[in-house]
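Okay, here's what each chain looks like letter by letter:
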Amino acid sequence: MPIYDITLTISNDLPVWPGDQPVQLERTQDMRHGDLYTLSHLNATVHLGTHLDAPRHFVRDGYGVDQIDLRKLIGPCYVVDLPDVDHIDAQTLEQANIPAHTTRLLCRTRNSRYWAQADRVFHTNFVAIEPSGAEWIVQRDIQLVGIDYFSVGAYDSVIPTHEILLRNNIVAVEGLDLSRIEPGEYQLICLPLKLKDCDGAPVRAVLMREE
Ligand SMILES: [Zn+2]
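Definitions and limits used
- Numbering of residues begins from 1 in every chain and follows the order in which that chain's sequence is written.
- Given that the model is predicted, a residue must reach a pLDDT of at least 70 before its local features are reported, and side-chain atom pairs must reach 80 or more before they are shown or counted; all residues, however, enter totals for whole chains, interfaces and linings.
- Where side-chain values are given, they derive from all heavy atoms of the structure, hydrogens and water being excluded.
- Strands are runs of DSSP state E lasting at least 2 residues, helices are runs of H or I lasting at least 4, and numbering of each runs from the N terminus.
- All radius of gyration figures rest on C-alpha atoms, and the globule criterion is 2.2 Å times the number of residues raised to 0.38.
- Burial classification: accessible surface area is computed with a 1.4 Å probe over protein chains only, and a residue below 20% of its type maximum counts as buried, one above 50% as exposed, and the rest as partly exposed.
- For the charge count, each Lys or Arg is scored as positive and each Asp or Glu as negative, with His and the chain ends excluded.
- Lys charges are placed at NZ, Arg charges at CZ, Asp charges at CG and Glu charges at CD.
- In this description, a donor is an N, O or S atom within 2.8 Å of the metal centre, a cutoff extended to 3.2 Å for sodium, potassium and calcium. Water is not part of the atom list, which can make sites seem incomplete.
- Between two residues, a contact is recorded if the distance between any of their heavy atoms is within 4.5 Å.
- Whenever a nitrogen or oxygen atom comes within 3.5 Å of another N or O atom, the pair is scored as a polar contact, on the condition that within protein one atom can donate a hydrogen and the other can accept it, and that pairs from neighbouring residues in sequence are kept only if both atoms are in side chains.
- Paired strands are those between which DSSP finds at least two bridges.

Chemist: Looking at this structure, I do not really get the overall build of the protein. What am I missing?
Modeler: When helices and strands are tallied, the protein shows 4 helices and 10 strands. In the protein, the succession of α and β elements from N to C terminus is β-β-β-β-β-α-β-α-α-β-α-β-β-β. Computed over C-alpha atoms, the radius of gyration of the protein comes to 17 Å, within 12% of the 17 Å expected from 2.2 N^0.38 for 211 residues, which places it in the range of a compact globule. Here the C-alpha coordinates of the protein stretch approximately 60 × 45 × 35 Å along the principal axes. Of all 211 residues assigned to the protein, the portion counted as buried reaches 49%. Side-chain charges of the protein comprise 18 positive and 30 negative groups, with the mean position of each set lying 5 Å from the other.

Here you go:
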C-alpha cells in the first residue's frame, strides 16, 4: 500500500503566521566542521508547519494535544477537492458529494498550489472554512477536519471557525500539503508530538490507499 506524505518539511524558510517568530532550526554541533557529533536545536511556535490545534487553543478550559483521543487521528478519511472556491461555507460542503459516513475530512483547495510551487511567502488570502462550514462539519459528526494552509479560519476572521470546531472537540489539522493527492477515500495517520497541556503540536501526517 503506497504511503503519501502530506506533511510540510520543517526548515528555516517555512512561512510562519505574520508576527510569529521565524523557524530557527540550527545545527549547534556538526561533524562536517570537526565536532565530535552533530546536534540541532529547534526554536519555533508549536503551530509549526503541518500541525493540529487542540481545544485549548481557543477554549479556555479545553484539553491539550496530549489528551486528544488517538482514535480520532487514525482511520478512514475523505479528501474533498475544492479547487475553485475562495472560501468553504456550508453550501460548498453540501454540494461537494462528501460521503455521509465521513468522520475525517481533508479539504484540498487552491492553497495546495503554493506547496507544489515551493512558495515561501505567507499568503493572507488563503482559502479557509467559514463559520457556516464549521457548523456543517459539527452537524455531520465529523471528528477531524484538515486544510491545506495554516488556519482553518480565514486570515481576517480566524476566531469564529476555530471556536465552533474546538468547542465541539473536533481536531483541526492545518498546513497540509495535498498538492499530489487525488480526491477520495484514504486511511489517515496524523499524530502530534505529545506536548503537555499544549494548544497545538506539529504532526507527521500520511495518507494510505490500496491501489
Ligand atoms: Zn494552529
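Chemist: Explanation requested: the coordination of the zinc ion in the structure shown.
Modeler: Put simply, the ideal angle at a metal is 109.5 degrees for four donors in tetrahedral geometry and 90 or 180 degrees for six donors in octahedral geometry. Each protein donor to the zinc ion is listed here as His47 (ND1), His51 (NE2), Asp53 (OD) and Glu174 (OE); together their distances run 2.0 to 2.4 Å. Within one chain, the residues serving as donors to the zinc ion are arranged as H-x3-H-x1-D-x120-E. Of this pair, His51 sits in strand β4 (residues 51-53) while Glu174 sits in strand β8 (residues 171-174), and the two are 123 residues apart along the sequence. Here His51 falls in the buried class, since its relative accessible area comes to 2%.

Chemist: Teacher, can you tell me more about the environment of Val79 here?
Modeler: Considering the arrangement of structural elements, one finds Val79 in strand β5 (residues 74-82). Since its relative accessible area comes to 0%, Val79 is described here as buried. Along the chain, Val79 and Val145 lie 66 residues apart, while their C-alpha atoms are 9.9 Å from each other. The contact partners of Val79, leaving out residues within four places of it in the chain, are Leu106, Arg108, Ile181, Glu182, Pro183, Gly184, Tyr186 and Leu207.

Chemist: Which parts of the structure should I look at to understand the environment of Asp53?
Modeler: Considering the arrangement of structural elements, one finds Asp53 in strand β4. Residues Asp53 and Ser151, 98 residues apart in the sequence, show an inter-C-alpha distance of 9.5 Å. Contact partners of Asp53, with chain neighbours within four places excluded, come to His47, His162, Leu166, Val171, Ala172, Glu174, Asp199 and Gly200. Within the structure, Asp53 has its side chain in polar contact with the side chain of His51 (distance 3.5 Å).

Chemist: Just to check I follow, could you spell out the pairing of β5 for this structure?
Modeler: Every other side chain in a regular strand lies on the same face of the sheet, so the side chains alternate between the two faces. Both β5 and strand β9 (residues 184-192) contribute to a ladder of 6 bridges, which runs antiparallel. Pairing of Ile74 across the sheet is with Ile189, part of β9. In this sheet, strand β6 (residues 104-109) lies alongside β5 in parallel orientation, the contact comprising 5 bridges. From the neighbouring strand, Leu82 faces β6, where its bridge partner is Thr109.

Chemist: Mind showing me how you'd approach unusual backbone geometry here?
Modeler: Note on backbone geometry: most residues besides glycine have negative phi, and most peptide bonds are trans. Phi at Ala118 is positive, roughly 55°, even though this residue is not glycine. Tracing the backbone shows Ala118 in the loop between α2 (112-116) and α3 (131-139). On the basis of relative accessibility, which here comes to 46%, the residue Ala118 falls in the partly exposed class. You will see that Asp141, though not glycine, has its phi angle at about 60°, which is positive. Here Asp141 is to be found in the loop between α3 and β7 (144-147). Owing to a relative accessible area of 52%, Asp141 belongs among the exposed residues under this scheme.

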